[in-house]
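Survey of secondary and tertiary structure
Read off the chains here:
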Amino acid sequence: MVYTGRFAPSPTGLLHAGSLVAALASWLDARAHGGQWVVRIEDVDTPRCIEGADQALLRQLAICGLLPDGPVIWQSQRQLAYGLALQKLIDQGWVYPCGCSRKDIENAQPQTPLLARHALAVYPGTCRAGLNGKPARAWRLNVQAVQAALQLPELTTWHDRRLGPQQQKVAVDVGDFVLRRADGLWAYQLAVVVDDAAQNISHVVRGEDLADNTPRQIILQKALGLSTPTYLHTPLVLGSNGEKLSKQNGATPLDLSDPLAALNAAAQALGLPAQSGDIATALAVWTRAWPQALALPAYNP
Ligand code: GLU
């Protein structure tokens, strides 16, 4: 099997101790499998992107010895591909326009649970049967229609290489999710699925905070007739308040004057021993140690 892995940062800031863990893990996994490693700049949510952060991220990766094997792609240049994917789903009748505001969704089901990561209410399916005179705002995937047409079970199950067996009822726990947002921007779920396929990504290695997106992405892959990569979600680095490290709780950009120190901290979060000396040697040692690092099962190509 051909292995292609990726690191897909959003240029909303620079690399910090948390994001370097995902970058290093994805690079090591690719190297340990003799595979390719590519970088994709996920600048689809333009209002949150910081000008110049993309180039700065790429420089930070290069200083850490993490050099992509193929061309870097920018999601902001992939509008056409996302449009074609949405059209394919429209043609199947598997998406519908939604006229609900966030308030409408919250008011429709005041008791509805919030999705932990995004604090979004489960979408109750209000516009599935029609807009009812409201102007169209976003496009949503009709999860039940896809599952019925493709004979997929209500419970989506998958295996995470670190977290083990996972499951979610997307229609119940998330609802029909957005593919194109009310502001016209493409949603992360659609962009990531289209681009993982376009870049032939066989193995996704990313932070554990993204794990709950996986079942939505699997359903979307099936709806678009794309294959599903293997998933491994890496441990999160926690900030001073015990939450995932972010700019809000103390994540500072990596100190580029001492890249080995930054890499050692990331390696430690992955259960790898600290190294002294040069970066190339450290990366080579960690590549050899990687199969034992997270007690991952043996790799069988
Ligand atoms: N762009 C996402 C982030 O920086 C990562 C997406 C992914 O790896 O699937 O959080």
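Residues numbered from 1 in each chain as written. Predicted model: local features only at pLDDT ≥ 70, side-chain atom pairs only at ≥ 80, totals over all residues. Heavy atoms only, no water.

Time to look at the overall build of the protein. For the protein, the count of helices and strands is 10 helices and 12 strands. Relative to the globule expectation of 19 Å for 301 residues, the C-alpha radius of gyration of the protein, 20 Å, shows essentially globular dimensions. C-alpha extents for the protein along the principal axes are approximately 65 × 40 × 35 Å. Across the 301 residues of the protein, 50% fall into the buried class. Taking the intrachain contacts of the protein between residues at least 6 apart in sequence as the baseline, contacts between residues at least 24 apart amount to 75%. Put simply, the protein shows about 13900 Å² of open surface, and 53% of that area lies on carbon and sulfur atoms. Here the protein contributes 25 positively and 24 negatively charged side chains, and the mean placements of these two sets differ by 4 Å. (Helix = DSSP H or I, 4+ residues; strand = E, 2+ residues; numbered from the N terminus. Rg over C-alpha atoms; globule rule 2.2 N^0.38 Å. Buried < 20%, exposed > 50% of the residue type's maximum accessible area, 1.4 Å probe, protein only. Contact = heavy atoms within 4.5 Å. Areas by Shrake-Rupley, 256 points an atom, 1.4 Å probe, with all protein chains shown as cover. Lys, Arg positive; Asp, Glu negative; His and termini not counted. Charge placed at Lys NZ, Arg CZ, Asp CG, Glu CD.)

Next up on the list: the pattern of salt bridges. In this structure the tally under the stated criterion is 12 salt bridges. Between aspartate 196 and arginine 6 there is a salt bridge, with its nearest N and O atoms 3.0 Å apart. Of this pair, aspartate 196 sits in helix 7 (residues 188–198) while arginine 6 sits in strand 1 (residues 4–7), and the two are 190 residues apart along the sequence. The same class applies to aspartate 196 as to arginine 6, namely buried. Its relative accessible area of 3% is what places aspartate 196 among the buried residues. In the salt-bridge network here, residues are joined through shared partners; they are Arg6, Arg40, Glu42 and Asp196. (Salt bridge = Lys/Arg side-chain N within 4 Å of Asp/Glu carboxyl O.)

For the rest of this paragraph, the subject is the packing of helix 7 against helix 8 (residues 214–223). How two helices pack is summed up by the angle between their axes together with the distance between the axes. One can describe the packing of helix 7 onto helix 8 by two numbers: an axis separation of 10 Å at closest approach and a directional angle of 60°. With respect to helix 8, the axis of helix 7 lies oblique. In this structure, the crossing between helix 7 and helix 8 has a hand that is right-handed. Mapping the contact onto sequence places Tyr188, Gln189, Leu190, Val192 and Val193 in helix 7 and Arg216, Gln217, Leu220 and Gln221 in helix 8. Tallied by class, residues from the contact of helix 7 with helix 8 come to 5 nonpolar, 3 polar and 1 charged. (Axes fitted to C-alpha atoms, helices over the stretch in contact; angles between N-to-C directions. Parallel < 35°, antiparallel > 145°, perpendicular 65-115°, else oblique. Left-handed = near helix turned anticlockwise from the far one by under 90°. Nonpolar A, V, L, I, M, F, W, Y, C, P; charged D, E, K, R; others polar.)

Scanning the entire structure with this criterion turns up 1 aromatic pair. Here the guanidinium or amino end of arginine 180 rests over the ring plane of tryptophan 186, the centre of that ring lying 4.2 Å away. (Phe/Tyr/Trp six-rings, centres within 6.5 Å; stacked < 30°, edge-to-face > 60°. Lys NZ or Arg CZ within 6 Å of the ring centre and 35° of its normal.)

Let's shift gears to the site of the ligand. Within the structure, the ligand sits among Arg6, Ala8, Pro9, Ser10, Glu42, Tyr188, Val192, Arg206 and Leu210. Interatomic distance of 2.6 Å between a side-chain N/O atom of arginine 6 and an oxygen atom of the ligand. Within the side chain of serine 10, a nitrogen or oxygen atom sits 2.8 Å from a nitrogen atom of the ligand. Split by residue class, the shell around the ligand holds 5 nonpolar, 1 polar and 3 charged. (Near = heavy atom within 4 Å. Polar contact = N/O pair within 3.5 Å; in protein donor to acceptor, adjacent residues only side chain to side chain.)

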